[in-house]
Amino acid sequence: MKATTHAEVYRPFSGELLEHPLRPLTLARSGIRLGLRKKLPAFLLFTPAVITALVGAIRVYLMYSFSDMMQGQGGISGMQVTTALQEVLGDVATNVVFFVKTSAYFALLAMTWFGAGMIADDRRMGANLLYFSRPLTRGGYLMGKLIGLMFFGLLTLGIPSFVILSTAVFSSPDWSFLRHEADVLWKTALFASIWILTVSTIVLALSSLVNRKTLALTLVFGTIIVLAGAANVAADSLEISEIKLLSLPYNFEVFADWLFGQDLNPEANSTHSLIALACFALGGMALLWRNVRKMEVVG
Amino acid sequence: MSESSHDPKILIETSGLGKAYGKVQALNDLSISVPPGAVGLLGPNGAGKTTLLKLLLGLLIPTTGKATIVGQDPRTRHGRLTIREHVGYMPEGDCLLPETTGVELVSMLGRLTGMKAEDAMTRTHEVLDYCQLEEARYRPVTGFSTGMKQRLKLAQALVHDPQILLLDEPTNGLDPKGRRQMLELVADLAQNHGKNVLLCTHLLPDVERTCEHVIVLQNGNVKLADSVAALTQADGDRYRLSVPRGADAFCEALPNAGVILESREQDRCLIRLPGEGQSADVLFQIAHQSGACLESLEPAKSSLEDVFLSAIQAEGEEVSP
């Protein structure tokens, strides 16, 4: 019902338009809000990342606590227990890297879910007509979508990494982690940034190819998971290890091993993997740019 | 406002504008000047109306020719961005993101245009009120009726108070009540709030109710472009008569005086005088001589529908062998 006293009148806008508004942030915020609207997927996707962060943080905390306690007891038995514990659990840095790498896979799942529909849904609904009838450049649109998706990467990879690293920093005796293993901090930040940026680019590029979220999800899983599996099988059966370069997770594993100085895979060539990662990211960016251009202006 | 100077009497101008989709020529050498005010872009489906709007916004690149809107060329990046600041576009399709609410969508698009957050929110509530979406503003657009979606699309086009509104089939899919509401809003914006409206439609009554000028497109060509008043002005030599008594004798006497009886429905006749500028006094003489009673006599006007149909039929005659 409409109140009889209420009359709708058109009021002219008396304000001014900003010279340099942060349009990508507006678009990113809208994308994040839409992504978080459905609570169940968000709960299911963030829970593993939270658990990983908690388990990682508790483990790191316990390692320092046990080590501290045993060394406090002194004597040969204390030293032996500490050494045995280190043999079983590994050192703190190795544990931090393990949990960061584990979080990265949960981040992949979350970013795929939240990112698959970001451009595909715009295409399906024709929402690009609404966006691009505003003074929004295609670069602004691209940035907005990237920032939105990277936020989900930050939630599922950046924050767990931050929690684990903070625990290591604050629970280490005499700030030993900060004094002796500070490089783990920036290396983790670098690894997480490259992971988030590369995965965001690839997910959005694949999302821009189709106009349904389900198709985009299929495409992302096909490109990342199925391709990784197929590349591993092909590389093992044909005994050509270079085929594994088609696998994004493999390249990230090699990159992480190289970055953190853990030579777990002697066959791997870190330079090749870095080039492969760069190709994934640049290829995704080129595809994304081409498709967004077509969404803004049709030739 | 735009940096480049342009004739304030011409809002939109195209010169030899053409657009082809592969072998299909959507617009063909279009040269028009759109004056300020409410202008109807009328034509059957596939006439090239939506293509013209997208070309004006820079959403399509023309194959030939150029267009200017508020003095800016949409082919250049700067021109496109300037145009989009000054234009509100209501697309034809159902382009609303389903998970958003009316308030979120309109305020977000306001901010994308460059409004401050608080301005965008205030303005969003104002335009949603104006478009009669008060109660529905916090509901997801998925639950909106077609009429509400159309009004929401109008609201988003209005949020930054643009000087030009490009409305693509705003009454599409609306029931009579919704259509009336939408046309009232469009007419109010054009007549009372100084908005320049380019109303793109295939429905003639929509243009008749809201627009001062009309451009008729067919197969990518302009068939007609003039003010509604000029198109429907009275023909100098045609009259409508009411002859309640002695109509038969009156009609029989008309040819003797050289007057052509175009149509007759009982006591109402449509006649054409034999010569241009001839006085209608001859009709009173015929009535007097035939003993008929002439009750009313008024100059006959063409309806916009007559004009539209004759323009479209003229095209048909050109096309047919």
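A. Structural detail: the state of the cysteines. Residue and element names in this part refer to chain B. Tallied over the full model, the rule gives zero disulfides over all chains. Unpaired in terms of disulfides, C211 finds its nearest cysteine sulfur in C200, a separation of 11 Å. Cysteine C269 remains unbridged, with the sulfur of C251 as its closest cysteine sulfur at 3.8 Å.

B. Examining the domain arrangement of chain B more closely. Once the domains are mapped, chain B shows domain 1 (3–230) and domain 2 (235–301). If you average the C-alpha positions of domain 1 of chain B and of domain 2 of chain B, the two centres end up 46 Å apart.

C. Spatial organisation of empty space enclosed by the protein. Residue and element names in this part refer to chain B. Inspection of the entire model under this criterion finds three cavities of 30 Å³ or more. In terms of lining residues, the largest cavity is bounded by L17, L55, G58, L60, P62, K66, A67, D73, P74 and R75. In terms of residue class, the lining of the largest cavity is made up of six nonpolar, one polar and three charged. One number sums up the size of the second largest cavity: a volume of about 40 Å³. Around the second largest cavity sit G147, R151, L174, G178, Q181 and M182, which together line it. Counting residues per element, the ones that place at least two in the lining of the second largest cavity are α5 (146–158) and α6 (176–192). The leading source of residues in the lining of the second largest cavity is α6, at three residues.

D. Representation of the interface of chain B and chain A. Counting from both sides, the interface comprises 49 residues of chain B and, opposite them, 42 residues of chain A. Both sides together, the interface formed by chain B and chain A hides about 4,300 Å², and carbon and sulfur atoms give 60% of it. Linking chain B with chain A are five salt bridges. One salt bridge connects E104 of chain B with R33 of chain A, and the closest N-O pair in it is separated by 3.9 Å. Inspection of the region where chain B meets chain A yields 15 residue pairs in polar contact (both at pLDDT 80 or more).

E. Up close: the side chain of T52 of chain A. Residue and element names in this part refer to chain A. Relative to the elements of secondary structure, T52 occurs in helix α2 (residues 39–73). Using a relative accessible area of 7% as the deciding quantity, one classes T52 as buried. The contact partners of T52, leaving out residues within four places of it in the chain, are F99, T102, S103, F106 and I164.

F. Just the sheet that holds strand β10 (residues 221–227) of chain B, in detail. Residues and elements named next belong to chain B. Taken together, the six strands give an open sheet; going across it, the order is β6-β7-β8-β4-β9-β10, and neighbouring strands pair in mixed fashion. Strands at the two margins of the open sheet, each flanked by one partner only, are β6 (87–90) and β10. Neighbour-to-neighbour, the strand axes of this sheet turn through a mean angle of 15°, independent of strand direction. Strand direction decides the pairing type here: strand β4 (residues 38–42) and strand β8 (residues 196–201), joined by five bridges, are parallel.

G. Expanded view of the pattern of salt bridges. In total, this model carries 24 salt bridges over all chains according to the counting rule given. Here E104 of chain B makes a salt bridge to R37 of chain A, at a shortest N to O gap of 2.6 Å. Here E104 of chain B, found in helix α3 (residues 102–113), pairs with R37 of chain A, found in the loop between α1 (23–35) and α2, and the two come from separate chains. E104 of chain B gets classed as buried once you look at its relative accessible area, which sits at 16%. The exposure class of R37 of chain A is partly exposed, given its relative accessible area of 28%. Here D248 of chain B ties to R264 of chain B by a salt bridge, and the two come within 2.7 Å at their closest N and O atoms. Pair noted here: D248 of chain B is in helix α9 (residues 247–253) and R264 of chain B is in strand β12 (residues 260–265), with a separation of 16 residues, a long-range link. With a relative accessible area of 36%, R264 of chain B lands in the partly exposed category. Within this structure, R138 and E296 of chain A together with R80 and R84 of chain B form a network of salt bridges that share partners.

H. Quick peek at unusual backbone geometry. Positive phi outside glycine occurs at D174 of chain A, with the angle close to 55°. Position of D174 of chain A relative to the elements: it lies in the loop between α6 (138–171) and α7 (176–180). We classify D174 of chain A as exposed; its relative accessible area is 60%. Phi is positive for V70 of chain B, close to 40°, though the residue is something other than glycine. Inspection of the secondary structure puts V70 of chain B in the loop between β5 (64–69) and α2 (77–86).

I. Fine view of the packing of helix α4 (residues 92–125) of chain A against helix α8 (residues 183–207) of chain A. Residue and element names in this part refer to chain A. Packing of α4 against α8 leaves a shortest axis separation of 9 Å and a crossing angle of 25°. Taken together, the axes of α4 and α8 are roughly parallel relative to one another. For the crossing formed where α4 meets α8, the hand is right-handed.

J. Structural context of a nonpolar patch on the surface. Taken together, the side chains of V50, L54, I58, Y61, L62 and F66 of chain A present a nonpolar region at the surface, about 550 Å² in accessible area. Along the polypeptide, I58 of chain A turns up in helix α2.

Reading the values: the criteria
Residues numbered from 1 in each chain as written. Chains lettered and ligands numbered in written order. Predicted model: local features only at pLDDT ≥ 70, side-chain atom pairs only at ≥ 80, totals over all residues. Heavy atoms only, no water. Disulfide = S-S within 2.5 Å. Domains from an automatic or database assignment. 1 Å grid on protein atoms, 1.4 Å probe; cavity = no way out; pocket = protein on both sides within 12 Å on 5 of 7 lines; lining within 4 Å. Points joined across faces, edges and corners; volume = space filled by probe spheres on them. Nonpolar A, V, L, I, M, F, W, Y, C, P; charged D, E, K, R; others polar. Helix = DSSP H or I, 4+ residues; strand = E, 2+ residues; numbered from the N terminus. Contact = heavy atoms within 4.5 Å. Buried area = accessible area lost by both parts, 1.4 Å probe. Salt bridge = Lys/Arg side-chain N within 4 Å of Asp/Glu carboxyl O. Polar contact = N/O pair within 3.5 Å; in protein donor to acceptor, adjacent residues only side chain to side chain. Buried < 20%, exposed > 50% of the residue type's maximum accessible area, 1.4 Å probe, protein only. Pairing = 2+ DSSP bridges. Axes fitted to C-alpha atoms, helices over the stretch in contact; angles between N-to-C directions. Parallel < 35°, antiparallel > 145°, perpendicular 65-115°, else oblique. Left-handed = near helix turned anticlockwise from the far one by under 90°. Patch = residues over 30% accessible without salt bridge, like charges linked within 9 Å, V, L, I, M, F, W, Y side chains within 5 Å. Areas by Shrake-Rupley, 256 points an atom, 1.4 Å probe, with all protein chains shown as cover.

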